[in-house]
Amino acid sequence: MMIRTLSTLECTKLLAANRTGHLACAKDGQPYVVPFNYAYADSHLYAFSLVGKKIDWMRANPLVSTQVEEHTEGRGWRSVIVDGRYEELTDRVGHKVERDRAWAVLSKQAQWWEPGALKPVTPPTSDSLPHVFFRILVEKVSGREASE
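Nothing here was measured: the structure is a model prediction, and the numbers come from that model.

Caption draft 1: A look at the pairing of strand S10 (residues 131-147). With four bridges connecting them, strand S1 (residues 2-5) and S10 associate as antiparallel partners. Across the sheet, methionine 2 pairs through a bridge with serine 147, a residue of S10. Of the strand pairs in this sheet, strand S5 (residues 44-50) and S10 are connected by seven bridges, and their pairing is antiparallel. In the sheet register, phenylalanine 48 faces S10, and the bridge partner there is phenylalanine 133.

Caption draft 2: Region of interest: the environment of arginine 59. The residue arginine 59 is located in helix H2 (residues 53-60) in this model. In this structure the C-alpha to C-alpha distance between arginine 59 and tyrosine 86, which are 27 residues apart in sequence, comes to 7.7 Å. In contact with arginine 59, other than residues within four places in its own chain, are Val51, Tyr86, Glu88 and Val132.

Caption draft 3: Structural view of the packing of aromatic side chains. Counted under the stated rule, the structure contains four aromatic pairs. Both rings, one in tyrosine 32 and one in tryptophan 57, keep their centres 5.4 Å apart while their planes meet at 55°; by these two values the pair is tilted. Here tyrosine 32, found in strand S3 (residues 30-37), pairs with tryptophan 57, found in helix H2; they are 25 residues apart in sequence, far enough to count as distant. Exposure remark for tryptophan 57: the relative accessible area of 12% places this residue in the buried category. Measuring from centroid to centroid gives 5.5 Å for tyrosine 86 and phenylalanine 134, while their planes differ by 50°, and the two rings are tilted. Taken together, the positions of tyrosine 86 in strand S7 (residues 77-89) and phenylalanine 134 in strand S10 put the pair 48 residues apart, joining distant regions of the chain. Just as tyrosine 86 is buried, phenylalanine 134 falls in that class too.

Caption draft 4: Highlighting the side chain of glutamate 145. As for its placement among the helices and strands, glutamate 145 is situated in strand S10. Looking at glutamate 145, the relative accessible area reads 13%, which means it is buried. Polar contacts involving the side chain of glutamate 145 include one to the side chain of arginine 4, which spans 2.7 Å. Only 3.0 Å separates the side chain of glutamate 145 from the side chain of arginine 78, close enough to count as a polar contact.

Caption draft 5: Focus on helix H1 (residues 8-17). Among the residues of H1, those classed as buried are Cys11, Leu14 and Leu15. Buried residues of H1, seen end-on, are gathered within an arc of 100° and therefore sit on one face of the element. H1 presents Leu9, Lys13 and Ala17 as exposed residues on the side facing more than 90 degrees away from its buried surface. On the buried face of H1, the contacting elements are strand S4 (39-41), S5, strand S6 (63-71), S7 and S10.

Conventions adopted
Residues numbered from 1 in each chain as written. Predicted model: local features only at pLDDT ≥ 70, side-chain atom pairs only at ≥ 80, totals over all residues. Heavy atoms only, no water. Pairing = 2+ DSSP bridges. Helix = DSSP H or I, 4+ residues; strand = E, 2+ residues; numbered from the N terminus. Contact = heavy atoms within 4.5 Å. Phe/Tyr/Trp six-rings, centres within 6.5 Å; stacked < 30°, edge-to-face > 60°. Buried < 20%, exposed > 50% of the residue type's maximum accessible area, 1.4 Å probe, protein only. Polar contact = N/O pair within 3.5 Å; in protein donor to acceptor, adjacent residues only side chain to side chain. Arc of directions from axis to C-beta.

Next up, the structure:
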C-alpha cells in the first residue's frame, strides 16, 4: 500500500462529492461519534437534525471533528478529517439568511431531510421536537489516500 497526503483542494473536492460522514463531539471529556448527512458549501458542512444527544453536546461544546471517506479500487481509500466549530442556525431574527442558505444547499440532494427528521423507532416517525439546522465551520482540513 502507498499512503499519500491529500492537498486542501483534493480534501475539498472529496467533501463536496459526498454527503455522509461521521461527526465527533465531546462533553465532559467523553467523546461521541455518529454518522450524519451533510452538504458542503462555502467552507461549511450544512446539516439538519432533531434535538437529541448530538445537538445537546454540540451546544455545550461547539468544537467538533468530522470524517468522510471513499473506498477506491481494491483495498484503496481516501479519507478527510475536518476540525471545526458547530454553529446552530436558529429560527430567530438575524439568522434567516444562514437558514435559507442551509435549506438551499441541503435541498439540492434528494430526500435531504432523512434521517435527520426521523426518530430511531420502528417504523420511523417524525417527532414533534423542533428541527435544528446547523453547520460546521471548516477551520482545518486534512486527508490521506491509500492505494495498492
